[in-house]
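# Observations on chain architecture
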Amino acid sequence: MNMQISPASTQSHQPAPLDPLNCSIHPYWDHHIPLPKLGPLYSRLVTAFVALICFINSYDGDFVFDDSEAIINNKDLNPDTPLSNIWKNDFWGSNLSSNSSHKSYRPLTVLTFRINYLLAGGLHPIGFHVLNVALHCVISVLMIDVFAILIGGLVHNGREAKLSLSPKASFLAALFFAAHPVHTESVAGIVGRADLLCALFFQLSFLVYCKAFQGGDKKFSVLWIFGSILLCAVAMLCKEQGITVLVTDVSDLFTGGLLMRLALLFLGGSFLLYARWRIMGTGPPSFTEVDNPASFAENVILRIVNYNYYYSLNAWLLLCPWWLCFDWSMGCVPLIKSATDWRIFWPLLLWCCLMGLVYQALCSQDSNKRRTLTFGLVLLVIPFLPASNLFFRVGFVIAERVLYLSSAGYCLILAYAVGYCSCHWKKHKRLLRATTLTLLCVNVARSAQRSQQWRSEQSLFASALSVCPLNAKVHYNVGKNLADRGNQSAAVKYYREAVRLHPKYVHAMNNLGNILKERNELKEAEELLSAAVHIQPDFAAAWMNLGIVQNSLKKFDEAEQSYWNAIRFRKKYPDCYYNLGRLYADLNRSIDALNAWRNATMLKPDHSLAWNNMVILLDNTGNLAQAELIGKEALKILPKDHTIMFSLANVLGKQEKYKESEGFFLNALKINPNIASCHGNLAVLYHRWGKLDLAKRHYELSLRLDPSAPGTKENYNMLKRKLEQRQRTVG
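Everything numeric here is computed off the predicted structure, so don't read it as measured data.

## Observations regarding the packing of helix H17 (residues 472-484) against helix H19 (residues 506-518)
Where H17 contacts H19, the axes come no closer than 11 Å and their chain directions differ by 30°. The angle between H17 and H19 places the two elements in the roughly parallel class. In this structure, the crossing between H17 and H19 has a hand that is left-handed. On H19, the residues touching Tyr476, Lys480 and Ala483 of H17 are His507, Ala508, Asn511 and Ile515. Of the residues that constitute the contact of H17 with H19, the class distribution is 4 nonpolar, 2 polar and 1 charged.

So this is what it looks like as C-alpha cells:
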C-alpha cells in the first residue's frame, strides 16, 4: 500500500490585523489559567462574594474626610431644598458660577445621596456605605462580561445568546478587579460613589455599544449606538471621567461601518463635551499651588518630569497597593527639581515598560496577545487621561479614586500575564497556581484592612502618618480629629507640625490659634491669626477669631476692625455679628450691640445666643417690655430653648407677672431639671409672690445642685428667718 506523505504546512510570519470586537478569537491560553472552570452563574457569585468580603468592613463606618463637605454640609441632600438645585450646583453644593467652585458637576451622584438621606430619614451613614459596597459588587460582576468581550470578542449562538471564549481569563481579571486595594477610597469613602456610578454606566455604555454588532460583521444598529452615547452622558453626570468610554469604543477600528460609527461617536462626544464646558461656565476651576504644586512650576521641563513621576507613582499603586493615603498633597510628594534626583529613574522605568507593552500590542505575531494587550492598555490609559494634567490642571497630586476604572486595564494585563506564564511554564504550574492564589489572598486581606481604616477619621488619619509623614494636611487632620474629641493638648502638637511643614498653612494656624486662645495663651494666638490673615486676607474665620483674641487682650478698636473685615469677606456671617455684639456690650454701646445681635438672628434665625443676649441686655438696661417682646419672638423660633425661657421668666418676674413667669421657669426645668440658677431664680419669684414653702423647696434644690451659687444662700437664710418669724407669729 502506497503511503503518500502530505506536504508540511506553512505558517505565515506576518502579523495579522487586529481582530475587531465582533470577530471571535479563542484565547489558546485561557484553559491554562490555574483556576477551576466555573459556569457563568457561579463565576459571578464568586466574584461578587470576593468584592463583598474585601469591603464589607466599611458598611457601618462613619462619614469621613471629604464626606463632611459633600454630604454633611451639602444642603442639596436635604429634602427641603428644591430638587432643581442639584442641577445648578457642583458636587459640594456650591453654585457652579462661584469662583470657589471646583466645577465638579455630578448631579446624578448627588441625587443618589439625596435618596439615601430620604430613605434613612436623615444623615445615617450605614445606608450610604451599603449602597457603595453593593455597587462595587455589581461592577465587579459586570467586569466579567467586559473582559470576555475584550479578550475573546463577541460570539453568539443560534439564539443570539452571548458566549464567552475566555471564561477563565475574564473570571480571573474580574477577581483581580474585585479585590484590588486601590479601590478602597472609592468604595469605603462615600464620596467615592461618583467613581462607582461612573464605572457602572461606563460598563453599560460599552456593553450597549457591543450590542450594536449582533447583526454580523458589516452591520450595526444605529439605535444601540445612540443608546451607548446616552449612557455615556449618564456616566458623565456621575463623574466627568465617563466621557472616556467613547474613546474606548472607537479603539476598535476594524469593524464594518467605520466612518458612520466614528461620525456618530464624534458628534455625540463633541456635544457632551460642549455641554459640559458650558455648564462649567466655559472656564476651568481654579486651584492653588498647594493642591497641585507641579502644575505651578515655572519651568516646562520640570512640570513634565514631575507629571511623569506622578504617573509612575500611580502605576506603583496598581502594582503594589500597600502605601495608600487619603491625601497626597502638601509635601507628601516633594517636587523633582534637578536632574540629579534619583527619582527620575521611576518615570524612565515606567515608559520603558509601557513602550514594551505597546510594542507587543502592535507588533507581536500572536493575535491573542495583540488583542488583549491593546485593550488592556486602552482601558488602563484612556480613563486616566482626565487626571493626567495633559488637558487641564487637576486639583490633586495623586488621588487613588481616579484609578478605579484604570485598574480594570491593569487587571486585564495581569490576567493575561498569568495565562501566558501558565501556558509557557507548564512545569511550574503548581507554583503559578500558588502564586496567583497568594496574590488574590493578599489583595483581599489588604482591602479588608484598608476598608477597616476608612471606618473612622481617627484610624484613617493615623494610618496616613507612616505613609506621608511630610504631608502637612495629614498632621492637620490628625490634630483636628483629636481636637474634636477633646484632646486639645495632643492636637496642638500636630497643628504645630503642620505649620512647620507648611508655613503658609492658614487653616492649621487658625485652628492652633483657637486652641491657644482657649488656653489663654493670647499673645501667641494673636501672632498666629495675624499671620494667617496676612497670608490670606480674605480668610473670614481667621479675622473673626483674631477679633475675639484682640477683644480678650482689651484691644477693642483692633478687635472691632477685625470683625468688620470678617464681615466684609463673608457677608452672611451670623457668628461674627454675635461676637461684634459682645464687643459693643463690653464697651456699653448697647444700641450697637442690639443691632449686631439682631443682624445675627436675621442671618441665622435659630441663633440662640444672640436672642438670649438681646433679652439679657434689655433686661439689664431696664427695657423690660421690649425684652419681653424679644423673648417671646425668640421662643416662636426656638420653642424648646430653656436658656431663653429662663431669661424671659426673669423679665416677667420683674414686671410682677408671676403666673406667666412661673410657667416659663417650670418649662425650662422640664427640659433641663438640673439648672441651679433656674431653681434659685424660681425660688426668688415664689419668695416675692408669697409662696414661701415653694420658695424654700427650690432654694434647697438650687443649693443641692450648686452649694456656692451666688446670692442663693443669703436669700435662703432670709426666707428661713421669715418662715421662723411667721411660725412665731402663728404660735
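Picking up after the structure, the text goes on.
## Regarding the UniProt feature "transmembrane region" (unreviewed entry) in the protein
Under the UniProt annotation, "transmembrane region" (unreviewed entry) lies at residues 133-155, 190-209, 221-238, 258-275, 307-324, 344-362, 374-396 and 402-423. Taken end to end, residues 344-362 is 95% helix and 0% strand, and its two terminal C-alpha atoms sit 27 Å from one another. Taken end to end, residues 374-396 is 35% helix and 0% strand, and its first and last C-alpha atoms sit 29 Å apart.

## Quick look at the state of the cysteines
Here, the word disulfide means a covalent bond between the sulfur atoms of two cysteines. Under the defined criterion, the tally for this structure stands at 1 disulfide. Bridging Cys332 to Cys468, the disulfide has an S-S length of 1.7 Å. Within this pair, whereas Cys332 is found in the loop between helix H11 (300-319) and helix H12 (345-363), its partner Cys468 is found in the loop between helix H16 (457-467) and H17, the two being separated by 136 residues in sequence. Residue Cys332 shares its accessibility class with Cys468, and that shared class is buried.

## What about empty space enclosed by the protein?
As enumerated under the stated definition, the model contains 1 cavity of 30 Å³ or more in all. There is about 60 Å³ of room inside the largest cavity. Lining the largest cavity are 13 residues; nearest its centre among them are Tyr310, Asn314, Phe384, Ala387 and Val397. A breakdown of the residues in the lining of the largest cavity according to their chemical character gives 10 nonpolar, 3 polar and no charged.

## A closer look at the packing of aromatic side chains
With the rule as written, the count across this model stands at 18 aromatic pairs. With a centroid separation of 5.4 Å and 75° between ring planes, the pair formed by Phe63 and Phe128 is classed as edge-to-face. Residue Phe63 is located in the loop between helix H1 (40-55) and helix H2 (67-72), and its partner Phe128 is located in helix H4 (residues 125-152); the two are separated by 65 residues in the primary sequence. Classification of Phe63 as buried rests on a relative accessible area of 14%. With a relative accessible area of 0%, Phe128 lands in the buried category. Plain terms: the ring middles of Phe326 and Phe461 are 4.9 Å apart, the flat faces sit at 50° to each other, and that makes the pair tilted. Taken together, the residues span a long stretch of sequence, with Phe326 in the loop between H11 and H12 and Phe461 in helix H16 at a distance of 135 residues. Accessibility assignment for this pair places Phe326 and Phe461 in one class, buried. Aromatic rings pair up to connect Phe63, Phe91, Trp92, Phe113 and Phe128 into one cluster. Over the ring of Phe91 we find Arg106, and its NZ or CZ is 5.0 Å from the ring centre.

## With respect to the layout of surface pockets
Here the second largest pocket is characterised by a volume of approximately 1,200 Å³. Considering the residues around the second largest pocket, the lining is formed by 42 residues, among which Tyr311, Ser312, Leu313, Ala315 and Trp316 are closest to the centre. Contributing elements (two or more residues each) for the lining of the second largest pocket: H11, H12, helix H13 (367-381) and helix H14 (403-424). Residue contributions to the lining of the second largest pocket peak at 10 residues, all from H11.

## Topic: the pattern of salt bridges
Under the criterion given, the structure shown has 22 salt bridges. One salt bridge in this structure joins Arg106 and Glu240, with 3.2 Å as the shortest N-O distance. Linking Arg106 in the loop between H2 and helix H3 (107-120) with Glu240 in the loop between helix H8 (222-238) and helix H9 (244-249), this pair joins segments that are 134 residues apart in sequence. For Arg106, a relative accessible area of 13% corresponds to the buried category. Lys657 is paired through a salt bridge with Glu628; the nearest N and O atoms lie 3.0 Å apart. Residue Lys657 is found in the loop between helix H27 (642-654) and helix H28 (658-671), and its partner Glu628 is found in helix H26 (residues 624-637); the two are separated by 29 residues along the sequence. Connected via shared salt-bridge partners are Glu628, Lys632, Lys657 and Glu660.

## A short note on the packing of H26 against H27
At a closest axis distance of 9 Å, the pairing of H26 and H27 adopts a crossing angle of 150°. In terms of their interaxial angle, H26 and H27 are classed as roughly antiparallel. Note on packing geometry: the crossing formed by H26 with H27 is left-handed. Taking contact as the criterion, the partners of Leu624, Ala627, Glu628, Gly631, Lys632, Ala634 and Leu635 in H26 are, on H27, Ile644, Met645, Leu648, Val651, Leu652 and Lys654.

## A word on H13
Look at H13: 21 Å from first C-alpha to last across 15 residues, which is about the 21 Å you get at 1.5 Å a residue. Where burial is concerned, most of H13 is hidden: 13 out of the 15 residues are buried. One side-chain oxygen at the N-terminal end of H13 lies 2.9 Å from the backbone nitrogen of Asn368; it belongs to Asp366.

The rules behind the values
Residues numbered from 1 in each chain as written. Predicted model: local features only at pLDDT ≥ 70, side-chain atom pairs only at ≥ 80, totals over all residues. Heavy atoms only, no water. Axes fitted to C-alpha atoms, helices over the stretch in contact; angles between N-to-C directions. Helix = DSSP H or I, 4+ residues; strand = E, 2+ residues; numbered from the N terminus. Parallel < 35°, antiparallel > 145°, perpendicular 65-115°, else oblique. Left-handed = near helix turned anticlockwise from the far one by under 90°. Contact = heavy atoms within 4.5 Å. Nonpolar A, V, L, I, M, F, W, Y, C, P; charged D, E, K, R; others polar. UniProt positions renumbered as here; feature names shortened; annotations may be inferred. Disulfide = S-S within 2.5 Å. Buried < 20%, exposed > 50% of the residue type's maximum accessible area, 1.4 Å probe, protein only. 1 Å grid on protein atoms, 1.4 Å probe; cavity = no way out; pocket = protein on both sides within 12 Å on 5 of 7 lines; lining within 4 Å. Points joined across faces, edges and corners; volume = space filled by probe spheres on them. Phe/Tyr/Trp six-rings, centres within 6.5 Å; stacked < 30°, edge-to-face > 60°. Lys NZ or Arg CZ within 6 Å of the ring centre and 35° of its normal. Salt bridge = Lys/Arg side-chain N within 4 Å of Asp/Glu carboxyl O. Expected span 1.5 Å × (residues − 1). Polar contact = N/O pair within 3.5 Å; in protein donor to acceptor, adjacent residues only side chain to side chain.

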